[in-house]
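Read off the chains here:
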Amino acid sequence: MAARSVPDCPADGSTSRDRCTTSRRVNLNKVITHWPDMLRVAGSLVTNQVRAYDLLRMFGREGHPTPLGQAFAEYGRIAKTEHLLRVVDPVDDTYRRQMNRQLTVQESRHELARDVCHGKRGTIHQAYRDGMQDQLGSLGLVLNAVVLWTTRYIDAAVAQLRAEGHDIRDEDSARLSPLKHRNLNVLGRYSFTASQPVDGLRPLRDPDAVNLDDDDDGED
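What you see is a predicted model; the values in this text were computed from it and never measured. (Residues numbered from 1 in each chain as written. Predicted model: local features only at pLDDT ≥ 70, side-chain atom pairs only at ≥ 80, totals over all residues. Heavy atoms only, no water.)

## Some remarks on the packing of aromatic side chains
Geometrically, a pair of aromatic rings is defined through the distance of the ring centres and the angle of the planes. Test applied: Two aromatic rings, drawn from Phe, Tyr or Trp (for Trp, its six-membered ring), form a pair once their centres lie within 6.5 Å of each other, and the interplanar angle then sorts them: stacked below 30 degrees, edge-to-face above 60, tilted otherwise. Numbering of helices and strands runs from the N terminus, with a helix taken as a DSSP run of H or I at least four residues long and a strand as a DSSP run of E at least two residues long. For every residue, the accessible area obtained with a 1.4 Å probe (protein chains only) is divided by the maximum for its type, and the residue is called buried under 20%, exposed over 50%, and partly exposed between those limits.
Summed over all chains, the structure comprises 3 aromatic pairs. For the ring pair Trp-35 and Tyr-75, a centre distance of 5.7 Å and an interplane angle of 50 degrees mean the geometry is tilted. Note that Trp-35 is positioned in helix 3 (residues 35–46) and Tyr-75 in helix 5 (residues 67–87), a separation of 40 residues in sequence. On the basis of an interplanar angle of 40 degrees and a centroid distance of 4.5 Å, the ring pair of Trp-149 and Tyr-153 is categorised as tilted. Of this pair, Trp-149 and Tyr-153 both sit in helix 7 (residues 129–163), 4 residues apart, which is roughly one turn of the helix. Under the relative-accessibility criterion, Tyr-153 is labelled buried at 14%.

Structure (structure tokens):
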């Protein structure tokens with residue numbers, strides 16, 4: 001049975017029912033016919049042998065899709081249909097939960113980036129493209145360092161709690177996020193000097209101690 005896709009029939013009813021039904025099915029013949037070319041395109045992307053601009057020229061000319069572009073569109077309908085069916089699955093909501101977790105992680109990453117970028121202002125000040133790219137690249141480097149630093153301390157905290165006899169379940173540890181930033185101070189002066197990495201971590205703070213810093217939004 002042919003794969004189903006989202007209907008694309010005109011709303012004015014000018015298209016016959018048979019033609020409308022046909023347009024709602026993936027045209028597998030187009031995919032089969034151009035499959036060797038589609039594989040070559042995919043291989044060129046993986047090996048960086050083709051530019052995105054050149055691909056756009058291959059997929060469409062003068063506002064109309066080429067046969068190869070139509071083949072990729074039909075192939076994309078298959079993935080889109082599978083995605084929609086898994087989203088609306090009334091029995092198994094695993095896929096929807098995975099999407100929600102991914103969105104939560106992405107939003108947390110953006111929140112951390114806004115907090116780190118120029119002292120909680122989250123703005124790029126360079127007016128030219130190269131300068132913006134430099135700032136964004138530096139921001140990405142700092143975010144990676146923050147995530148690595150936080151991950152090491154979370155791992156140390158979990159190990160210490162387990163050593164003290166606390167029951168830490170693996171399913172709870174799997175939900176810990178290194179994107180929290182209540183412990184970061186992004187304001188002040190910074191000094192970057194060449195030095196040897198410090199072997200070991202600083203002592204962990206007592207969770208019962210008062211005056212721990214909170215996020216600006218008051219979240220835990």
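## A look at the nonpolar core
Inclusion rule: Grouping buried Ala, Val, Leu, Ile, Met, Phe, Trp, Tyr and Cys residues that are joined through side-chain atoms within 4.5 Å yields what is termed a nonpolar core. Contacts between residues were defined by any pair of non-hydrogen atoms, one from each residue, lying within 4.5 Å.
Core analysis: the largest hydrophobic core is formed by 9 residues, namely Leu-112, Ala-113, Val-116, Cys-117, Leu-139, Leu-143, Val-146, Leu-179 and Val-186. Listed by contribution, the elements that provide at least two residues to this core are helix 6 (94–116) and helix 7. If we ignore the near neighbours within four places in the chain, the residues touching Leu-143 are Arg-109, Leu-112, Ala-113 and Val-116. Of all hydrophobic cores here, the second largest spans 6 residues; its members include Val-31, Met-38, Leu-55 and Ala-71.

## What to know about helix 7
Cut-off, in case you're wondering: By this rule the span expected of a helix is its residue count minus one, scaled by 1.5 Å.
Here helix 7 spans 51 Å end to end across 35 residues, near enough to the 51 Å set by a 1.5 Å rise per residue. For helix 7, every residue scored as buried is listed here: Gly-131, Gln-135, Leu-139, Leu-143, Val-146, Thr-150, Tyr-153 and Val-158. Lining the buried residues of helix 7 we find helix 6 and helix 8 (170–173). Looking one or two residues past helix 7, Gly-165 carries a phi angle of roughly 100 degrees, positive in sign.

## Topic: the pattern of salt bridges
Going by this rule: When a carboxyl oxygen of Asp or Glu is within 4 Å of a side-chain nitrogen of Lys or Arg, the pair counts as a salt bridge.
Inspection of the entire model under this criterion finds 4 salt bridges. Across the pair Asp-170 and Arg-162 runs a salt bridge whose closest N-O atoms are separated by 3.0 Å. The class of Asp-170 is exposed, set by a relative accessible area of 57%.

## Quick word on the packing of helix 3 against helix 5
Our working rule: Note on geometry: axes are lines fitted to C-alpha atoms, helical ones only across the stretch in contact, with angles between N-to-C directions running from 0 to 180 degrees. Geometric relationships in this document are graded by angle, where less than 35 degrees denotes roughly parallel, more than 145 denotes roughly antiparallel, 65 to 115 denotes roughly perpendicular, and other angles denote oblique. Note that Gly is not counted as nonpolar here; it falls among the polar residues with everything else outside the nonpolar set of Ala, Val, Leu, Ile, Met, Phe, Trp, Tyr, Cys and Pro and the charged set of Asp, Glu, Lys and Arg.
Taken N-terminus to C-terminus, the directions of helix 3 and helix 5 make an angle of 85 degrees; their axes are 10 Å apart at the nearest point. Taken as axis vectors, helix 3 and helix 5 run roughly perpendicular relative to one another. Between helix 3 and helix 5, the contacting residues are Trp-35, Asp-37, Met-38 and Val-41 on the first element and Leu-68, Ala-71, Phe-72 and Tyr-75 on the second. Of the residues assigned to the contact of helix 3 with helix 5, the class counts are 7 nonpolar, no polar and 1 charged.

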